[in-house]
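Here is what each chain is made of, one letter per residue.
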Amino acid sequence: ILSDPIHGEQALIQLGYSVIQHEVIVLQLTDVAQGFSKVLCALLEGELNLQHCYSLMIHDQLHGYLALLIEDISIGAECLQKAGFKLLSQDELSR
């Protein structure tokens, strides 16, 4: 996850790397022990497939964070917010 995806992509291409961009959902886990299973249950209720999941280290060490690549970002965001998860914006990640 880059703070400036456009310039990051250009820099990687100039260095000869292949680049594929995906829009992901980043969410905060307040209950790290049970949080991931709650995420999976929310996606199951929305009948959404989880394609990739990455843990993130962010400035706030009190919570866990996940970046999720799912098949439908807008429906996934709606399901996760309805389940009580806080989603982070690009601005919040770039701080």
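Everything discussed here concerns the structure shown above.
Anyway, here's the lowdown on the structure attached to this text. Just so you know, these numbers come straight off a predicted model, no measurement behind them.

### Brief notes about the pattern of salt bridges
Alright, step 1. Summed over the entire model, instances satisfying the criterion amount to 1 salt bridge.
Alright, step 2. Between E92 and K86 there is a salt bridge, with the nearest N and O atoms lying 2.9 Å from each other.
Alright, step 3. Given the relative accessible area of 39%, K86 is considered partly exposed.

### Some details on the nonpolar core
Alright, step 1. By size, the foremost hydrophobic cluster in this structure holds 16 residues, and its most contacted members are I25, L27, V39, L68, I70 and L80.
Alright, step 2. If you list the elements that add at least two residues to this core, you get β1 (25–29), α2 (32–45), β3 (64–70) and α3 (73–82).

### Some points on the sheet that holds β3
Alright, step 1. Ordered by their spatial adjacency, 4 strands build an open sheet running β2-β3-β1-β4, and the pairing between neighbours is antiparallel. Strands at the two margins of the open sheet, each flanked by one partner only, are β2 (50–56) and β4 (86–88). Between one strand and the next, the sheet's axes are offset by a mean angle of 35 degrees, whatever the strand orientation.
Alright, step 2. Inspection of the sheet shows β2 paired to β3 by 6 bridges, in the antiparallel sense.

### Some details on the pairing of β1
Alright, step 1. For β1, the buried fraction is high: 5 of the 5 residues fall into the buried class.
Alright, step 2. Judged by which residues are buried, β1 turns out to be covered on both faces: I25, L27 and L29 on one side and V26 and Q28 on the other are all buried.
Alright, step 3. Sheet analysis places β1 next to β3, joined by 5 bridges and oriented antiparallel. By the bridge assignment for β3, V26 is matched with A67.
Alright, step 4. Where β1 lies against β4, 3 bridges are found, and the strand directions are antiparallel. Bridged to Q28 within β4 is K86.

What counts and how
- Residues numbered from 1 in each chain as written.
- Predicted model: local features only at pLDDT ≥ 70, side-chain atom pairs only at ≥ 80, totals over all residues.
- Heavy atoms only, no water.
- Salt bridge = Lys/Arg side-chain N within 4 Å of Asp/Glu carboxyl O.
- Buried < 20%, exposed > 50% of the residue type's maximum accessible area, 1.4 Å probe, protein only.
- Core = buried A, V, L, I, M, F, W, Y, C linked by side-chain atoms within 4.5 Å.
- Helix = DSSP H or I, 4+ residues; strand = E, 2+ residues; numbered from the N terminus.
- Pairing = 2+ DSSP bridges.
- Axes fitted to C-alpha atoms, helices over the stretch in contact; angles between N-to-C directions.

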